[in-house]
Every structure is written in C-alpha cells, then in structure tokens.
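# Breakdown of the fold
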Amino acid sequence: MAKSSEETLTMTFGLLRQLADAIELASATEWTFFDRYGETASTIGELEELHNARERLNQSYTRLNTLLLRILEAQPTATNAMLDLLVKAIENGQANLEAANASTQEITRGWNLL
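In this report, the structure presented in the accompanying data block is examined. Being a predicted model, the structure only gives us computed values, none of them experimental.

What counts and what doesn't
- Position labels on residues start from 1 in each chain and follow its written sequence.
- At least 70 in pLDDT is required for a residue's local features to be given in this predicted model, at least 80 for side-chain atom pairs to be given and counted, and no such filter applies to totals for whole chains, interfaces and linings, which use all residues.
- Only hydrogens and water are set aside when side-chain values are computed; all heavy atoms of the structure are taken into account.
- Starting at the N terminus, helices and strands are each numbered in turn, a helix being any DSSP run of H or I of at least four residues and a strand any DSSP run of E of at least two.
- Summary of the burial criterion: residues with accessible area below 20% of their type's maximum are buried, those above 50% are exposed, and those between are partly exposed, where the area comes from a 1.4 Å probe applied to protein chains only.
- It only takes one pair of heavy atoms within 4.5 Å for two residues to be counted as in contact.
- Joining through side-chain atoms within 4.5 Å is the link that ties buried Ala, Val, Leu, Ile, Met, Phe, Trp, Tyr and Cys residues into a set, and such a set is a nonpolar core.
- Comment: axis = line fitted to C-alpha atoms, over the contacting stretch for helices; angle = value between 0 and 180 degrees taken between N-to-C directions.
- Reported orientations rely on four angle classes, namely roughly parallel under 35 degrees, roughly antiparallel over 145, roughly perpendicular from 65 to 115, and oblique for the rest.
- In this scheme, a crossing is called left-handed if the near helix is turned counterclockwise away from the far one by less than a right angle; it is called right-handed if the turn is clockwise.
- The nonpolar class holds Ala, Val, Leu, Ile, Met, Phe, Trp, Tyr, Cys and Pro. Asp, Glu, Lys and Arg form the charged class, and all remaining residues, Gly among them, are polar.

The topology assignment puts Thr 104 in helix α3 (residues 80-110). Relative accessible area serves as the criterion here: at 3%, Thr 104 is assigned to the buried category. Leaving out residues up to four positions away in the same chain, Thr 104 has contacts with Leu 25, Ala 26, Thr 29 and Leu 50.

It is worth spelling out unusual backbone geometry at this point. Following Gln 75, the chain continues into Pro 76 via a peptide bond in cis, with omega recorded as 5°. For Asn 112, which is not a glycine, the phi torsion comes out positive at approximately 50°. Note that Asn 112 resides in the segment after α3.

One can find Arg 63 in helix α2 (residues 44-73). When the C-alpha positions of Arg 63 and Asn 80 are compared, they lie 17 Å apart, and in sequence the two are 17 residues distant. Residues in contact with Arg 63, not counting those within four places in the same chain, are Leu 85, Lys 88, Ala 89 and Asn 92.

Moving on: the nonpolar core. What tends to happen in soluble globular proteins is that the nonpolar side chains get buried as a cluster. With 21 residues, the main nonpolar core has Leu 15, Leu 19, Leu 57, Leu 64, Leu 86 and Leu 97 as its most contacted residues. Among the elements of the structure, α1 (6-37), α2 and α3 are those that each provide at least two residues to this core. The element that contributes the greatest number of residues to this core is α1, accounting for seven residues. Core analysis: the next-biggest nonpolar cluster, separate from the first, contains five residues, Phe 33, Leu 47, Ile 107 and Leu 113 among them.

Our focus in this paragraph is the packing of α1 against α2. In the contact formed by α1 and α2, the axes pass within 9 Å of each other and the chain directions differ by 155°. Considering their axes alone, α1 and α2 lie roughly antiparallel with respect to each other. Considering the relative orientation of α1 and α2, their crossing is left-handed. The residue makeup of the contact of α1 with α2, split by class, is 18 nonpolar, seven polar and three charged.

Here it is in structure tokens:
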C-alpha cells in the first residue's frame, strides 16, 4: 500500500486548475468563433477542433478528479496500482492540455479572435 505524496497532490491540484482554465478558454473561443463567423464550410473544421479539444480536456479533468477522490477515500492507504493510474492520468492530462492550448491559440491567431 502507498500514500500519495505532497508533490503528487500539489501537481494534481495544479493540473486540475490548468485543465479548468483551458476548458473555459476552449469554450469561450468556440463561442466567440461561432458568434463571429457562424458555422460554414470554411469554419466547421475549426469548430469541431475546438469542440474535440474541450471534450478531451473534460475527460482528463473528470478522470483525474475521480481518481484523486478514490485515492483520498482509500483506507488505510491507496494501492500502488491506484497511484500508478493517477500518474498516467496526470501524464495524459498534461498532454491533452498542451494539445488543446496549441489548437486554441492557433485558431485564435489564424482567425484574428484576439
């Protein structure tokens, strides 16, 4: 059995915050883009990209939050397998965060949404 370290908890909470911010940004960008340009043949690809990015961020947030809650509830301590899943969820969340931020920035710049 193992207990999550302070470093892991700090990293997890930090990543949850970053994912929340990125979800909000992707949602706002998608809305602004749609409001300004509508859904046309030339915009559908970007709208889908923003939607997909937001969905991946939502999945990462939910998975990470759920795993953390299960680990905190595990008594007397969490199993190594649970902690390994948390590490993988952190890695996946960071990768999704980077990809979603890149997509959002590219669309924002490419369509002058600044």
